[in-house]
Amino acid sequence: MAHLGEFISTRVGVEAYVEPPTTDIPSTVLLVASTGEWTRRRVPDERTAFDIANQLGVPVYNVRFTGYPQRMRDWNSAQRRAK
């Protein structure tokens with residue numbers, strides 16, 4: 001929670017995306033800033049991810065239905081080009 005709160009307090013326009021579990025990784029909550037910068041943390045289950053986002057006061061979406069925001073993909077591409 002501390003990391004997620006710090007991310008939100010130091011960035012603008014942060015939204016949360018709940019990612020479903022996979023065979024190897026439990027559910028995660030993904031925070032994406034308006035710049036596309038992002039952070040991800042594991043959570044016990046999807047319900048907890050929604051609860052965390054609501055506690056932090058950010059809009060929350062289910063990535064199964066919305067997909068990933070274009071700004072996140074653009075940020076990832078820019079980071080790869082910069083290396």
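Basis of the calculations
- Each chain carries its own residue numbering, running from 1 in the direction its sequence is written.
- Where local features are concerned, this predicted model is filtered to residues with pLDDT of at least 70; where side-chain atom pairs are given and counted, the filter is 80 or more; whole-chain, interface and lining totals use all residues.
- The side-chain quantities take in all heavy atoms of the structure and omit both hydrogens and water.
- Numbering of helices and strands starts at the N terminus; helices are DSSP runs of H or I of at least 4 residues and strands are runs of E of at least 2.
- Atoms counted for the radius of gyration: C-alpha only. Globule rule: 2.2 Å times residue count to the power 0.38.
- Note on classification: 1.4 Å probe, protein chains only; a residue is buried when its accessible area is under 20% of the maximum for its type, exposed when over 50%, partly exposed between these limits.
- Whenever a nitrogen or oxygen atom comes within 3.5 Å of another N or O atom, the pair is scored as a polar contact, on the condition that within protein one atom can donate a hydrogen and the other can accept it, and that pairs from neighbouring residues in sequence are kept only if both atoms are in side chains.
- Whether two residues are in contact is decided by their heavy atoms, any of which lying within 4.5 Å being enough.
- When DSSP locates at least two bridges between a pair of strands, those strands are taken to pair.
- To get an axis, a line is fitted to the C-alpha atoms, and for a helix only the part in contact is used. The angle between two axes follows their N-to-C directions and goes from 0 to 180 degrees.

## Focus on the overall build of the protein chain
- Secondary structure assignment for the protein chain yields 4 helices and 4 strands.
- Over its C-alpha trace the protein chain gives a radius of gyration of 12 Å, about what one expects of a compact globule, namely 12 Å for 83 residues.
- Referenced to the eigenvectors of the C-alpha coordinate spread, the extents of the protein chain come out at roughly 35 × 30 × 20 Å.
- The proportion of buried residues among the 83 residues of the protein chain is 36%.

## Things to note about the side chain of Thr-39
- On the secondary structure map, Thr-39 appears in strand S3 (residues 38–42).
- A polar side-chain atom of Thr-39 sits 2.7 Å from a polar atom in the side chain of His-3.
- Thr-39 has contacts with His-3, Leu-4, Phe-7, Val-29, Leu-30 and Leu-31, leaving out every residue within four places of it along the chain.

## A closer look at the side chain of Ser-27
- Position of Ser-27 among the secondary structure elements: in the loop between strand S1 (15–19) and strand S2 (28–32).
- In this structure the side chain of Ser-27 is engaged in a polar contact, spanning 3.3 Å, whose partner is the backbone nitrogen of Glu-46.
- When sequence neighbours within four positions are dropped, the list of residues in contact with Ser-27 reads Glu-19, Pro-20, Pro-21, Arg-41, Arg-42, Val-43, Asp-45 and Glu-46.

## Regarding the sheet that holds S2
- The strand order across the open sheet formed by 4 strands is S3-S2-S1-S4, and the pairing between neighbours is mixed. Since the sheet does not close on itself, it has two edges, and those belong to S3 and strand S4 (60–62), each with one partner. If you compare each strand with its neighbour and ignore which way they point, the axes differ by 25° on average.
- Bridge analysis of S2 against S3 gives 5 bridges, and the strand direction is antiparallel. Pairing of Leu-31 across the sheet is with Thr-39, part of S3.
- On top of the sheet, helix H2 (residues 46–56) reaches S1, S2 and S4; it is set at about 160° to S4, its chief contact.
- Packing of helix H4 (residues 70–82) onto the sheet brings it into contact with S1, S2 and S3, and relative to S3 it is tilted by some 105°.

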